Amino acid sequence: MVEEVMRLFSVVTGWPGASGFGSASTAEQVTEGTDAKNLTVIVTGGASGIGEETARVLALRGAHVIIAARNLEAANATKEKIEGEEPSARVDVGKLDLNSLKSVRAFADNFLARNLPLNILINNAGVMFCPYQQSEDGIEMQFATNHLGHFLLTNLLLDKMKQTARESGIEGRIVNLSSIAHLHTYEEGVMFDQINDQSRYSDKKAYGQSKLANILHAKELSRRLQEEGANITANAVHPGLIMTNLMRHSAILMKIVKLFTFLWWKNVPQGAATTCYVAVHPSLKGVTGKYFTDCNEITPSAFARDEALARKLWDFSNKLVKKLGQ
Ligand SMILES: NC(=O)c1ccc[n+]([C@@H]2O[C@H](COP(=O)([O-])OP(=O)(O)OC[C@H]3O[C@@H](n4cnc5c(N)ncnc54)[C@H](OP(=O)(O)O)[C@@H]3O)[C@@H](O)[C@H]2O)c1
């Protein structure tokens, strides 16, 4: 309760939290002085919104950034924009459609074939509140795009991340973009047995379920990495409320919500701050399995803290990607 009151106070006033940053901090501010020249970063959905700003700022700090996007035209436009601003920026693009596990595998194969290091993976891409649809693999779209595609992508790139961390001695980091919307999910948290059940489908709860999955994924991944002694952290973030293309299926509703909650909203540079903070800030060395908003750690929902649920989701997702890969 005290934590929630403090957080609301900080959101409304922009007052920084314990980290020294707060809701008004921008991605450039939280990475000020960061030398990212030794880092290779993949940002999914890096061609628009929060992902685009994340890619821009990390490239500005010297990182080699790979924008993984389903729309290569938009990704190339982002690359050109960043290079126009910073001619020495190292930005590449790669085709990734998270609705298709085949596309996820092809992206990972192409990346691994280049034999580049990989220090940071930012699982940012997402869709919100779409009407009931299924992915190419026949899985409910929000769960497939926001969670399952990222689950497989992370697993396929994990050995490369471990190798990079071992050889470079630099801590690897995985950042999952979740949301405060993880609080509003189905009554059992994740409806494993009915993941594709259209009769129970709620566009809002399915989004909440997928964002809960993003936190549970980071939590279980973190536990496994710690158990192995791998020098890689995994955390989840809520970026805040930012008017982006994400609202495409709920533009009118979100404009009305914004009217009554305008103090809570951020611009895109502020929206990318928590991702960039968790991805590169030195004060988070060794911090793993946590959930952040406004560049500060907070406590997520009871479902998101449930270790058994996190393991169950891991096993479920693992079986599903294996089954769909056959
Ligand atoms: N904006 C907010 O208020 C807010 C709040 C909480 C959490 N978040 C989270 O923040 C993340 C970024 O959202 P945003 O606000 O920056 O929205 P956005 O501008 O729509 O960015 C989302 C990105 O994901 C990409 N994407 C969607 N489906 C994809 C797929 N099947 N394969 C590959 N890429 C795909 C989109 O590509 P296309 O352009 O091709 O669709 C877009 O580049 C999301 O995970 C979202 O859930 C946002």
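Note: the structure precedes this text.
Residues numbered from 1 in each chain as written. Predicted model: local features only at pLDDT ≥ 70, side-chain atom pairs only at ≥ 80, totals over all residues. Heavy atoms only, no water.

Caption draft 1: Region of interest: the side chain of threonine 288. By the element assignment, threonine 288 lies in the loop between helix H10 (273-280) and strand S9 (291-293). Note on threonine 288: relative accessible area 14%, which makes it buried. One polar contact links threonine 288 to serine 222, side chain to side chain, over a distance of 2.8 Å. In this structure, threonine 288 is in contact with Ser222, Gln226, Thr233, Ala234 and Asn235, ignoring residues within four places of it in sequence. (Helix = DSSP H or I, 4+ residues; strand = E, 2+ residues; numbered from the N terminus. Buried < 20%, exposed > 50% of the residue type's maximum accessible area, 1.4 Å probe, protein only. Polar contact = N/O pair within 3.5 Å; in protein donor to acceptor, adjacent residues only side chain to side chain. Contact = heavy atoms within 4.5 Å.)

Caption draft 2: Broad picture of the site of the ligand. With respect to spatial proximity, 29 residues lie near the ligand, and among them Arg70, Asn124, Tyr207, Ile242 and Thr244 are the closest. A distance of 3.4 Å separates an oxygen atom of the ligand from a polar atom in the backbone of glycine 45. Taking isoleucine 242, its main chain carries an N or O atom lying 2.8 Å from an oxygen atom of the ligand. Within the complex, 94% of the 890 Å² of free accessible area of the ligand lies under protein. A per-class count over the shell around the ligand returns twelve nonpolar, 13 polar and four charged. (Near = heavy atom within 4 Å. Areas by Shrake-Rupley, 256 points an atom, 1.4 Å probe, with all protein chains shown as cover. Nonpolar A, V, L, I, M, F, W, Y, C, P; charged D, E, K, R; others polar.)

Caption draft 3: Local environment of the sheet that holds strand S5 (residues 172-177). Sheet architecture is open: eight strands sit in the order S3-S2-S1-S4-S5-S6-S9-S10, paired in mixed fashion. Of all strands in the sheet, those with a lone pairing partner are strand S3 (90-95) and strand S10 (296-298), marking the two edges. Each adjacent strand pair in this sheet contributes to an overall mean axis angle of 25 degrees, direction not counted. Pairing of strand S1 (residues 40-44) with strand S4 (residues 120-123), which is carried by three bridges, proceeds in the parallel orientation. Looking across to S4, one finds that isoleucine 42 is bridged to leucine 121. Set on the sheet, helix H7 (residues 203-228) makes contact with S5, strand S6 (232-238) and S9; between it and S6 the angle comes to about 160 degrees. (Pairing = 2+ DSSP bridges. Axes fitted to C-alpha atoms, helices over the stretch in contact; angles between N-to-C directions.)

Caption draft 4: Summary view of empty space enclosed by the protein. The full count for this structure, using the stated rule, is one cavity of 30 Å³ or more. By volume, the largest cavity amounts to about 40 Å³. Taken together, Leu98, Asn99, Ser100, Leu101, Ser135, Asp137, Ile139, Ala144, Leu148, Gly149 and Leu324 make up the lining of the largest cavity. Per-element accounting of the lining of the largest cavity gives the leading share, three residues, to helix H6 (residues 141-168). Of the residues belonging to the lining of the largest cavity, the class tally is six nonpolar, four polar and one charged. (1 Å grid on protein atoms, 1.4 Å probe; cavity = no way out; pocket = protein on both sides within 12 Å on 5 of 7 lines; lining within 4 Å. Points joined across faces, edges and corners; volume = space filled by probe spheres on them.)

Caption draft 5: Seen up close, the packing of aromatic side chains. A full pass over the atoms with the stated rule returns six aromatic pairs. A ring pair is formed by tyrosine 132 and tyrosine 201, whose centres lie 5.1 Å apart and whose planes are at 80 degrees; its orientation type is edge-to-face. Here the residue tyrosine 132 occupies a position in the loop between S4 and H6, and tyrosine 201 occupies one in the loop between S5 and H7, the gap between them amounting to 69 residues. Judged by relative accessible area, which is 19%, tyrosine 132 ranks as buried. (Phe/Tyr/Trp six-rings, centres within 6.5 Å; stacked < 30°, edge-to-face > 60°.)

Caption draft 6: Quick look at the state of the cysteines. Evaluated as defined, the whole model comprises zero disulfides. Among the cysteines around cysteine 295, which has no disulfide bond, cysteine 276 carries the closest sulfur, lying 8.9 Å off. Classification of cysteine 295 as buried rests on a relative accessible area of 0%. (Disulfide = S-S within 2.5 Å.)

Caption draft 7: Up close: the nonpolar core. Counting 49 residues, the largest nonpolar core has Ile42, Phe143, Leu157, Ile174 and Val190 as the members making the most contacts within it. Elements with a minimum of two residues in this core: strand S2 (64-69), helix H5 (101-113), H6, H7, S6 and helix H11 (307-325). The dominant element in this core, judged by the number of residues it contributes, is H6, at ten residues. With sequence-adjacent residues up to four places away left out, isoleucine 174 is seen in contact with Leu121, Asn123, Thr154, Leu158, Met161, Leu221, Ile232, Thr233, Ala234 and Asn235. Membership of the second largest hydrophobic core comes to 37 residues, among which are Phe21, Ile242, Cys276 and Tyr277. (Core = buried A, V, L, I, M, F, W, Y, C linked by side-chain atoms within 4.5 Å.)

Caption draft 8: Structural view of the pairing of S2. Burial of S2 is extensive: six of the six residues sit out of reach of the surface. Of the two faces of S2, the one holding His64, Ile66 and Ala68 and the one holding Val65, Ile67 and Ala69 are both buried throughout. Of the strand pairs in this sheet, S1 and S2 are connected by five bridges, and their pairing is parallel. Note that in S2 the partner of valine 41 across the bridge is valine 65. By the bridge criterion, six bridges tie S2 to S3 in an arrangement that is parallel. Looking across to S3, one finds that isoleucine 66 is bridged to aspartate 92. With respect to chirality, the unit in which S2 leads through helix H4 (residues 72-85) into the neighbouring parallel S3 is right-handed. (Right-handed = clockwise from strand over helix to strand, strands pointing away.)

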